[in-house]
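Residues per chain, in single letters:
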Amino acid sequence: EAKLKLFGVQDDLKLSLNAIQVLRERYLLKDQEGNPVETPRQMMERVANAIAQIDASYGEDPEVSYQEFLKTLMALDFLPNSPTLMNAGCPGGQLAACFVLPVEDSLDAIFEALKNMALIHKSGGGTGFSFSRLRPRGDRVSSTGGRASGPVSFMRIFDTATDVVKQGGKRRGANMGILRFNHPDILEFIQAKKKGGEFENFNFSVAITDQEMEAVRKNEKIPLINPRDGRVWREVSATEIFNVICESAWSSGEPGCIFIDEINRKHPLKALGAIEATNPCGEVPLLPFESCNLGSINLAHMVTEGKIDYAKLGETVRVAVHFLDNVIDANYHPLPETERMAKANRKIGLGVMGFADLLVKIGVPYYSQQALKIAEEIMQYIMLQARKTSLELASRRGTFPNLEKSTWYTQNLPLRNATLTSIAPTGSISIIAGCSSGIEPYFALSFRRYVLENTELIEVNPLLEEYLKGLKLSQKDWERILAQGTLQGIEQIPQKVKDLFRTALEIPPEFQVKVQAAFQKYVDNAVSKTINLPQNASLEEVKKVFFLAHETHCKGITVFRQGSRSRQAIYPGLLS
Ligand code: ADP
């Protein structure tokens, strides 16, 4: 209590200390002096009210929805993405996390995209771009008779602009930069982040086709193509490029890959064009000027007496889909183009967090066949319930305007939303909810997190203590667990408990890919997952992970090898 008073926040929702700190720094509305003018509960009321009011415009009763939304939010059973929590109910509040902007091959278009990026960042959104249409470095510029400087040099301007435009002091902007595997500048792109100090506001991904993956497997040559004129620039070994990708991912965690053919095979709006890019963390492939608002169900709360509570889960999905559909109308867009697209396609991305917690609560180890089965079961259930709600909403409010241009139309599914599901990293909202993030295994059982400026957040797994209570551990054992962040080497602890609390680095990378694939099977958009590798993982291991992700129909893949960056957002254990 004394500590909370220090933060100047009344804890009327019984949140964790870290949750309070994160809310105080970034979410609660503040006065001119920077003091919070709302409590966490009042924040939830503000959000629930702003989103519920939309019902009135459809001739529905907002009071009923207000009560449902508020109850669900206050219980932390479901949370919308950060911009909705921060901005709902505020004048001009921008509520979506994810945008994709086109970058065409002209100076005019590049700087138009740059301006649009700045406006979206200022509003709290993240942006994804494909730079594949830009002519390569050294290519002709006819109007000036000079030489082009290539996509990577233009990306540098986007990176710098991102640094300058802070999101109202709440967070730095985030970007995804994508280049096709067969772009002439691909090698420069792959290695651009390697030396560090640059592009810190960007995630990099290479868009790779099935044919290119095949060429990699068969060790064939592929032509690099100049996007300006479609001509062959030169021929290269597909395997060599792939090896550079994997080496770079091994040494710095970047780039990731996106499997662009898989994305477009599952793309419901093919008639509007092919998808070239995703949002910053990869969980939402989008057309130019599309955006998506996300929300995540806290699976840790969907367990009753050691069993998955499907009745509660179904009800939570219904409320969440209704909520997210309303967000589309409550949103103020920074650009007319993004507003038009959002209202024409009405994409939402409902996902989950707290998957690792759920497994502990039902007594199933993350690293088990059973966990894969449960992942599919849960996500299939969520997908079907979400569709059911979207169909119901459509019958009252109408389908999304582009329905007839979508693959849903041919399947006779008159939906309200072109996409319904997506699995986000839930980097911040899982801290607020006090659960494990997204579908990730526990990173560690105790860890230090650096997500706020100048503040270290220390966390100890809240479920662990309960499991270890009866074991009469010595002070020394406890200290060791806290210091190392795992149960390894503590003899007192039965293997069953050790299995239940296995951390990311104790779970084979290939298995982590299988978890991603299991969720992807029932997700309309994509799945954000980091495949965590131990520091001593080999380059071959990284290659295996990339191939497996492609084979198992993942839409993208990101790896992170422990210790491969000088600064991490999160470190295992409480000692450095
Ligand atoms: P949160 O937990 O804050 O709701 P997530 O970690 O789930 O957010 O990220 C979801 C999406 O939100 C990302 O893919 C990205 O599009 C956007 N996003 C995340 N962090 C930022 C940021 N610092 N700036 C802009 N957009 C962001």
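Look up a bit, the structure's there.
Scope of this entry: the structure provided in the associated data block. Small disclaimer: the values here were computed from a predicted structure and weren't measured. (Residues numbered from 1 in each chain as written. Predicted model: local features only at pLDDT ≥ 70, side-chain atom pairs only at ≥ 80, totals over all residues. Heavy atoms only, no water.)

A short note on the sheet that holds strand β18 (residues 455-460)
Pairing is antiparallel in the open sheet, where 3 strands are placed in the order β18-β17-β21. Looking at the sheet topology across the chains shown, the edges are occupied by β18 and β21 (570-572). Between one strand axis and the next, the sheet turns by 20° as a mean value, whatever way the strands run. Where strand β17 (residues 446-452) lies against β18, 5 bridges are found, and the strand directions are antiparallel. Considered in β18, the bridge of arginine 448 is made with isoleucine 458. Sitting on the sheet, helix α2 (residues 17-27) touches β17 and β18, and the angle it makes with β18 is about 150°. (Pairing = 2+ DSSP bridges. Helix = DSSP H or I, 4+ residues; strand = E, 2+ residues; numbered from the N terminus. Axes fitted to C-alpha atoms, helices over the stretch in contact; angles between N-to-C directions. Contact = heavy atoms within 4.5 Å.)

Some points on the environment of serine 57
Along the polypeptide, serine 57 turns up in helix α4 (residues 54-57). A C-alpha to C-alpha distance of 9.8 Å links serine 57 and arginine 397, two positions 340 residues apart in sequence. A distance of 2.6 Å separates a polar side-chain atom of serine 57 from the backbone oxygen of isoleucine 54. (Polar contact = N/O pair within 3.5 Å; in protein donor to acceptor, adjacent residues only side chain to side chain.)

So, the packing of aromatic side chains
One pass over the full model with this rule turns up 19 aromatic pairs. Ring centres 6.0 Å apart and planes at 75° place the aromatic pair tyrosine 450 and tyrosine 571 in the edge-to-face group. Taken together, the positions of tyrosine 450 in strand β17 and tyrosine 571 in strand β21 put the pair 121 residues apart, joining distant regions of the chain. The exposure class assigned to tyrosine 571 is partly exposed, which follows from its relative accessible area of 23%. Cluster of aromatic residues (ring-pair linked, three or more members): Phe129, Phe131, Phe158, Phe189, Phe199, Phe202 and Phe204. Sitting over the ring of tryptophan 250, arginine 561 keeps its end group 3.6 Å from the ring centre. (Phe/Tyr/Trp six-rings, centres within 6.5 Å; stacked < 30°, edge-to-face > 60°. Buried < 20%, exposed > 50% of the residue type's maximum accessible area, 1.4 Å probe, protein only. Lys NZ or Arg CZ within 6 Å of the ring centre and 35° of its normal.)

Concerning the site of the ligand
As a structural note, the neighbourhood of the ligand is formed by 22 residues, with Ser82, Arg172, Glu283, Thr426 and Gly427 the closest of them. In the environment of the ligand, a nitrogen atom lies 2.7 Å from a nitrogen or oxygen atom belonging to the backbone of arginine 172. Within the side chain of asparagine 279, one N or O atom sits 2.8 Å away from an oxygen atom of the ligand. Surface burial for the ligand is 91%, taken as the share of its 560 Å² of free accessible area covered by protein chains. (Near = heavy atom within 4 Å. Areas by Shrake-Rupley, 256 points an atom, 1.4 Å probe, with all protein chains shown as cover.)

Describing the side chain of glutamate 254
As for its placement among the helices and strands, glutamate 254 is situated in the loop between α11 (238-252) and β10 (256-259). A distance of 2.7 Å separates a polar side-chain atom of glutamate 254 from the backbone nitrogen of phenylalanine 204.

A few points about the packing of helix α3 (residues 40-52) against helix α13 (residues 310-330)
Two elements in contact, α3 and α13, have axes separated by 8 Å at closest approach and are oriented at 75°. In terms of orientation, α3 and α13 fall into the roughly perpendicular class. Between α3 and α13, the contacting residues are Val47, Ala50, Ile51 and Ala52 on the first element and Phe323, Asn326, Val327 and Ala330 on the second. Residues belonging to the contact of α3 with α13 are distributed by class as follows: 7 nonpolar, 1 polar and no charged. (Parallel < 35°, antiparallel > 145°, perpendicular 65-115°, else oblique. Nonpolar A, V, L, I, M, F, W, Y, C, P; charged D, E, K, R; others polar.)

Concerning the side chain of aspartate 524
Looking at the element boundaries, aspartate 524 is found in the loop between α22 (509-520) and β19 (530-533). Buried charge without a partner: aspartate 524 forms no salt bridge, and the closest opposite charge is arginine 387, 4.2 Å away. A distance of 2.7 Å separates the side chain of aspartate 524 from the backbone nitrogen of leucine 420, its partner in a polar contact. Discounting chain neighbours no more than four positions away, the residues touching aspartate 524 are Arg387, Trp408, Thr419, Leu420, Thr421 and Lys555. (Lys, Arg positive; Asp, Glu negative; His and termini not counted. Salt bridge = Lys/Arg side-chain N within 4 Å of Asp/Glu carboxyl O.)

Some details on the environment of proline 534
Mapped onto the fold, proline 534 is located in the loop between β19 and α23 (539-551). For proline 534, a relative accessible area of 26% translates into the label partly exposed. Spatially, the C-alpha atom of proline 534 lies 9.8 Å from that of serine 564, the residues being 30 residues apart in sequence.

What about the pairing of strand β9 (residues 232-237)?
Examined bridge by bridge, strand β8 (residues 221-225) and β9 share 5 bridges and lie antiparallel to one another. Its bridge partner being in β9, isoleucine 222 is matched across the sheet by valine 236.

Remarks on the state of the cysteines
Tallied over the entire structure, the rule returns 0 disulfides. You can see cysteine 246 has no disulfide; the closest cysteine sulfur is in cysteine 257, sitting 7.0 Å from it. Sulfur of cysteine 292: no disulfide; nearest cysteine sulfur belongs to cysteine 98 and is 5.8 Å away. (Disulfide = S-S within 2.5 Å.)

Structural notes on unusual backbone geometry
A cis amide bond, omega 0°, links glutamate 254 with the succeeding residue proline 255. In this structure, proline 255 sits in the loop between α11 and β10. With a phi angle near 50°, arginine 346 is a residue other than glycine that sits in the positive phi range. Note on arginine 346: relative accessible area 4%, which makes it buried.

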